[in-house]
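# Architecture at a glance
Listed below are the residues making up each chain.
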Amino acid sequence: MKKLIYVIPVLMFLTILNIHSGSAASINSDSSKVCIVTGEAIDDNGISYAYLNQNVDLCCEVCIKAFNKEPAKYIKGNLWCPICNDDDAVKDISAVHNKVKYYFCNESCKETFNSNPEEVLNKYSKNEK
Ligand SMILES: [Zn+2]
Ligand SMILES: [Zn+2]
């Protein structure tokens, strides 16, 4: 009999904990965008930044600079080779143009890019304003 008296408050406590964690989870799922540099939720002032074929969510100018310096650090999944138009680029073959780093699948793609970066990037500038 003594045992039951202890068990009931513990059960009640666990129920309260469940309610709290439940509501916290629903708050997180409401914020849809996360800055890929800071990992924090973005409010209305967030920036949808165009990098080659994709748009990434960033919270501020500082994060854009950080992203441009080393996009591979923040992009999840494969890197895009702008010469082949394929997601087979590697982190070790890269070139920097206008302070933005780009990646390529091999050295010849990198050379093609370096010979005329503007022309290559123009194909992607439709996304920009
Ligand atoms: Zn930021
Ligand atoms: Zn390539």
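Before reading further, recall that the structure is shown in the block above.
The following paragraphs examine the structure supplied in this document.

Rules behind the numbers
Residues numbered from 1 in each chain as written. Chains lettered and ligands numbered in written order. Predicted model: local features only at pLDDT ≥ 70, side-chain atom pairs only at ≥ 80, totals over all residues. Helix = DSSP H or I, 4+ residues; strand = E, 2+ residues; numbered from the N terminus. Buried ≥ 20, exposed ≤ 12 C-beta atoms within 10 Å, placed from the backbone. Contact = placed C-beta atoms within 7 Å. Pairing = 2+ DSSP bridges. Axes fitted to C-alpha atoms, helices over the stretch in contact; angles between N-to-C directions.

### Quick word on the overall build of the protein
A tally of regular secondary structure across the protein gives 5 helices and 5 strands. Taken from the N to the C terminus, the helices and strands of the protein come in the order α-β-β-α-α-β-β-β-α-α. When burial is assessed residue by residue, the protein has 16% of its 129 residues classed as buried. In the protein, 32% of the contacts between residues at least 6 apart in sequence involve partners at least 24 apart.

### Considering the sheet that holds strand β5 (residues 100–104)
Strand order across the open sheet formed by 3 strands is β3-β4-β5, with antiparallel pairing between neighbours. With partners counted over all chains shown, the strands left at the sheet margins are β3 (79–81) and β5, one partner each. Shown here is a sheet whose adjacent strand axes are inclined to one another by a mean of 60°, direction ignored. Sheet analysis places β3 next to strand β4 (residues 86–97), joined by 2 bridges and oriented antiparallel. When the sheet's bridge partners are listed, L79 is paired in β4 with A89. Across the sheet, helix α4 (residues 107–115) lies against β3, β4 and β5, angled at about 50° from β4, the strand it touches most.

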